[in-house]
Amino acid sequence: MQRPLLIPALCVAAGIGFAERAPWDFGVVSLSVALVGLAMAGLSARGFAAGIGLALFGAGALAYQATQWPLSPDDVRCRIDAHGELGRVRGILAETPSVRLSERKGQWVERTLVRLQVTGWCPQGGTWDSASGQMMVSSQGVPDRRFFRGQSVEISGLVSTPPGPVAPGLFNYATFLRRQGMGLQLRCDAPGDWGLGPGATDAVPWSERFLEWARRRLARGLPEDGATRLIWAMALGWRTGLAGDVDDGFMRSGTLHVFAISGLHIALIAVLLVQAFRVLGWSRALCGGLSLPLIWFYVAATGWQPSAVRSAVMTSVVVGTWMLERPGDLLNSLSLAALLILIAEPGQLFQAGFLLSFLVVAALAVFPSRWEAWWLEHRPWRPDALLPPSQWSRTRRVWEWAERGLCRGCVTGLAALVASWPMSVECFHLVSVISVVANLIVVPLSSLVLIANALSMGLPVGTELWNSAAWVGMHGMMAASRACEAIPGGWWSAASPGAWVWIPYALLWVVAATGWLDTQRRRRLWWGGAAVWLVLLLGARHIGEPAATVTVFRSGEAVWIDRPGSAGDLLLDTGDAATAKAVVLPWLQSQGVDRVPTLALSHGDVRHVGGVPVVMTNAAPRRLVLPVGRVRSPSFRGVDGLAASNGVPLQRLGRGDAVAAIPVLHPDESDAFSRADDAAVVLSLEAVGWRILLAPDLGPEGQRALIQRGGASLAADVIITGIPASGEAASEALLAQVNPRLLVVATGDRPATERSSPALRKRLRERLRDQLQGRPETTLWTERVGALQLRCWDNRLEVRDSVGELRWRFERPVQAGAQGSATAW
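Small disclaimer: the values here were computed from a predicted structure and weren't measured.

## Some details on the layout of surface pockets
Of the volumes computed, that of the second largest pocket is approximately 1000 Å³. Taken together, 26 residues make up the lining of the second largest pocket; nearest its centre are Trp371, Trp509, Ala512, Trp526 and Trp527. Contributing elements (two or more residues each) for the lining of the second largest pocket: helix H13 (352-378), helix H14 (394-428), helix H17 (502-513) and helix H18 (520-539). For the lining of the second largest pocket, a count of residues per class yields 23 nonpolar, one polar and two charged.

## Here we look at unusual backbone geometry
Here His666 and Pro667 are connected by a cis peptide whose omega angle stands at 5°. When you line up the elements, Pro667 lands in the loop between strand S18 (662-666) and strand S19 (682-687). The backbone of Ala660 shows a phi angle near 55°, a positive value even though the residue is not glycine. With respect to the element layout, Ala660 can be found in the loop between strand S17 (658-659) and S18.

## With respect to the confidence of the model for the protein
Of the residues in the protein, 93% reach a pLDDT of 70 or more, and the chain-wide mean stands at 84. Looking across the protein, the model is least confident in strand S27 (residues 821-824), with a mean pLDDT of 59, and most confident in strand S14 (residues 599-600), with 94.

## Section: the packing of aromatic side chains
Inspection of every chain in the model, using the stated rule, returns 29 aromatic pairs. A centroid spacing of 5.5 Å and a plane angle of 85° characterise the contact between Trp502 and Tyr505, whose relative ring orientation is edge-to-face. Within this pair, Trp502 and its partner Tyr505 are both found in helix H17, separated by three residues, close to a single helical turn. As far as the burial class goes, Trp502 and Tyr505 line up, both buried. On the numbers, 6.4 Å between centres and 15° between planes, the contact of Trp808 with Phe810 is stacked. Across this residue pair, the class does not change: Trp808 and Phe810 are buried. Chaining the aromatic ring pairs together yields one cluster made of Phe367, Trp371, Trp421, Trp502, Tyr505, Trp509, Trp526, Trp527 and Trp533. The aromatic ring of Trp793 is capped on one face by Arg796, whose charged end is 4.0 Å from the ring centroid.

## Some thoughts on the nonpolar core
Generally speaking, nonpolar side chains in soluble globular proteins are found buried as a group. Counting residues in hydrophobic clusters, the biggest one holds 39 residues, and the most contacted among them are Leu342, Phe354, Phe358 and Trp533. Mapped onto this core, the elements with two or more residues apiece are helix H1 (6-21), helix H3 (48-68), helix H11 (306-323), helix H12 (330-344), H13, H14, H17 and H18. Among the elements that line this core, the one with the most residues is H12, at seven residues. Apart from residues lying up to four places away in sequence, Leu342 is in contact with Ala9, Val12, Ala13, Ile16, Leu349 and Phe354. Judged by nonpolar contacts, the second largest core, of 35 residues, contains Ala548, Val550, Ile662 and Leu790.

## Some words on the pattern of salt bridges
By the definition in use, this model includes 25 salt bridges. Between Arg408 and Glu372 there is a salt bridge, with the nearest N and O atoms lying 2.9 Å from each other. Of the two residues, Arg408 sits in helix H14 while Glu372 sits in helix H13, which places them 36 residues apart along the sequence. Arg408 gets classed as partly exposed once you look at its relative accessible area, which sits at 42%. Exposure remark for Glu372: the relative accessible area of 10% places this residue in the buried category. The salt bridge partner of Arg800 is Glu798, with a shortest N-O separation of 3.5 Å. Within the structure, one salt-bridge network assembled from shared partners comprises Arg379, Arg396, Glu400, Glu403 and Arg404.

## Overview of the pairing of strand S20 (residues 690-695)
Burial within S20 is extensive, with five of its six residues counted as buried. Sheet topology places S19 next to S20; five bridges connect them, and they run antiparallel. Looking at S20, one finds that Ala687 is bridged to Trp690. Taking the residues between adjacent antiparallel strands as the criterion, S19 and S20 are bridged by two residues, where Val688 takes a positive phi near 40°. Pairing of S20 with strand S21 (residues 718-722) involves four bridges; the strand directions are parallel. When the sheet's bridge partners are listed, Leu693 is paired in S21 with Ile719.

## Observations concerning the side chain of Thr574
Relative to the helices and strands, Thr574 resides in the loop between strand S13 (570-572) and helix H19 (577-590). Residue class for Thr574 comes out buried when judged on its relative accessible area of 0%. For Thr574, the side chain forms a polar contact with the main-chain nitrogen of Gly611, separated by 3.3 Å. Among residues more than four places away in sequence, those in contact with Thr574 are Glu557, Ala558, Thr579, Ala580, Val584, Leu599, His608, Val609, Gly610, Gly611, Val612 and Val615.

## Description of the sheet that holds S18
Taken in spatial order, the seven strands make up an open sheet running S17-S18-S19-S20-S21-S22-S23, and their pairing is mixed. The two strands at the open ends of the sheet, each matched to only one other strand, are S17 and strand S23 (778-781). As paired elements, S18 and S19 share two bridges and run antiparallel to each other. Each bridged residue has a counterpart across the sheet, and for His666 the counterpart in S19 is Val682. Its contacts with the sheet put helix H23 (residues 700-710) on S18 and S19, and the angle it makes with S18 is roughly 115°.

What counts, and at which threshold
- The numbering scheme is per chain: residues are counted from 1 as the chain's sequence reads.
- Given that the model is predicted, a residue must reach a pLDDT of at least 70 before its local features are reported, and side-chain atom pairs must reach 80 or more before they are shown or counted; all residues, however, enter totals for whole chains, interfaces and linings.
- As a rule here, side-chain values cover all heavy atoms of the structure and leave hydrogens and water aside.
- Here a cavity denotes a set of grid points, spaced 1 Å apart and computed over the protein atoms alone, in which a 1.4 Å probe fits but from which it cannot get out, and a pocket denotes an open set meeting protein on both sides within 12 Å along at least five of seven lines; residues with an atom within 4 Å of a point are reported as lining.
- Grid points are joined across faces, edges and corners, and a volume is the space filled by probe spheres set on the points.
- Only DSSP runs of H or I with at least four residues qualify as helices, and only runs of E with at least two residues qualify as strands; both kinds are numbered from the N terminus onward.
- Residues are grouped as follows: nonpolar covers Ala, Val, Leu, Ile, Met, Phe, Trp, Tyr, Cys and Pro; charged covers Asp, Glu, Lys and Arg; every other residue, Gly included, is treated as polar.
- Every residue carries a pLDDT, the predictor's confidence in it, which falls somewhere between 0 and 100.
- Each pair of aromatic rings taken from Phe, Tyr and Trp, with Trp reduced to its six-membered ring, is defined by centres within 6.5 Å and is described as stacked if the planes are under 30 degrees apart, edge-to-face if over 60, and tilted in the remaining cases.
- Burial classes follow relative accessibility: with a 1.4 Å probe on protein chains only, a residue under 20% of its type's maximum area counts as buried, one over 50% as exposed, and anything between as partly exposed.
- Cation placement over rings: the criterion is NZ of Lys or CZ of Arg within 6 Å of the ring centroid and within 35° of the ring normal.
- Residue types Ala, Val, Leu, Ile, Met, Phe, Trp, Tyr and Cys, when buried and joined through side-chain atoms within 4.5 Å, form a set referred to as a nonpolar core.
- Whether two residues are in contact is decided by their heavy atoms, any of which lying within 4.5 Å being enough.
- For this analysis, a salt bridge means a side-chain nitrogen from Lys or Arg found within 4 Å of a carboxyl oxygen belonging to Asp or Glu.
- Between any two strands, at least two bridges found by DSSP are needed for them to pair.
- Two N or O atoms form a polar contact when they lie within 3.5 Å of each other; inside protein one atom must be a possible hydrogen donor and the other a possible acceptor, and for residues adjacent in sequence the pair counts only when both atoms belong to side chains.
- With axes taken as lines fitted to C-alpha atoms, and helix axes fitted only over the stretch in contact, angles between N-to-C directions fall between 0 and 180 degrees.

See below:
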């Protein structure tokens, strides 16, 4: 059987995927399926293949579920309250702590992440007890060099469930950790919360000493700048070097993969080692036997990163096949590597790196050679078939060599783009067609940089010379990525059309890979299917699309209003600089928005408008709207000049005007409030009969002015408001005038002024209790449920939280005069 390991690997992957998607725990079912499959394989020769496939399916599901269940009675997931409990955790560091950098208020803030194998737990004020399992440790600052992989530690902090997505559709950190078997996170404030545990050692492991030596060696004679840090990141897997905006150009140009210790690194090292040993005249067995330990030494020295382990497993299979002088098949070797990895760590199936690695390598194994052969056969200027290559002119030979090399690079990049496109859209919300060109430049340069790094570390002389060559090469990579990023239309943000859309896409390329397209009729059918899929891709997001979607980010610092077509989309405020960069921009990218159609600033609170420069730089709006009246806030100073420098038209609107076809109810041009909150913009959004009143942080004076002018026009189904700097949100008079079905109060944990006061909560609870007549009212607090998304359809209005759970629904009756029904969760 050709490629006998492909089907088993797919069966195990299917079992793991089914176990994740199944709405119930079916461990007994998985075990039964595996046993039935083994029985079929053992009892019937005709059912052997189906039985083995069924057994592997059940085994994959059972292996994954074993990581999700607390199998031991002292599992840390059973002993600690998931809502949060202070205490001290004892355990063994499963890896060397990694440092991540983030920018806050113009300064770099260090944060340390590390996996901890738990051995003990001591609640605050209690005694030590045994515990097992894993958890992720997140600490402010950087602990000293006594803490490394395998060290026994005791860490104090808050143990709780990891945070979910900051907005619907963004990265879900809690799900990411859960799939790796970690349901809890330990958060501590400073390195002082770290201590050595029983059996701790002072001996620094060889891998840590090697990394310190390698960083010093690779930096000898170089300035400590961004290029040097990127060299450390690419050669040693030092993730801290990819902080800030350094990786944006490489991400958008589709070349960020060169900084992960992956197939490029491992394959290059393997080729260099094997060729060096072959020069000495050694046998295949000896060359491979010496190369493989050195490859795994490199993987261990760089911290056993998952991408490095995956690549080393694949390379080991390929080199092993070459050593044994067996006929090699890259897809079969790839299947064996995937099978081994999924058996050891089933949760790897849900990591973007795993899927990208195997999908891209599988595509490279099938398509480039076929596409290159097709091009060489059908090119208009192909040489005379009757003229042997030995009779070609020198110019023709040089041209043929250059054309074949360029063609090989292009089809390789195109195959990688075809394979990585779905994961790029689903995980990073990005499509980079310029990656085909960018990789033609960046990948060869990165190979030269890696060779220079290897020579710098491996030769006793010429260190500074090789380092300088690597530094120049890295600057060339940076310049190439920036140039490709700047090409118009080279990349764009893309919203996910839904995972189900990619199933026919994958089937189309599987059919193409099998060689089924050998006749003209079949090729026409394939292109017809591709055209149908393209229509499905373009229309998928519009199937069942609501008439309006309002996304309220936590604390109400920004609100995104999305309606069919881009002309009616509106971003109300940006949040502060940190919120704009970490929440608003990723959210816009997840919606496929590279330029904001309209940006409206409600009032001069820095927590609402401090991120304007960030949005202007990365998603420049087509129109900027400011409120009318006197503006005293320093947060608004410079906005006019910023808009002019970016070529953004500026407009001032007030009561009676409209922004993105949404009426403005407040403020009026004659208003002269002393506080910025009182002059906050109030909008009245109407969609298919539903009315939503947006009044961010509207102060008491502004509320009174709105009531006096609004009258019956203030009636709405939903009111969205925040916490003003003085006074309370949503006064009784305003609620009586609006008479909403739902009140959304945008509050947050930090700063303290953004939290809801006990008096406000008590007042709204009493209001709800006293509502014996009239329509019921529900209050949602974003500090408890996170970001909220309101969706308006003809017959219903729904509110979901950041993880997609339904929080409130009101169904409008079909018959006139009938009462609707509201449900809250």
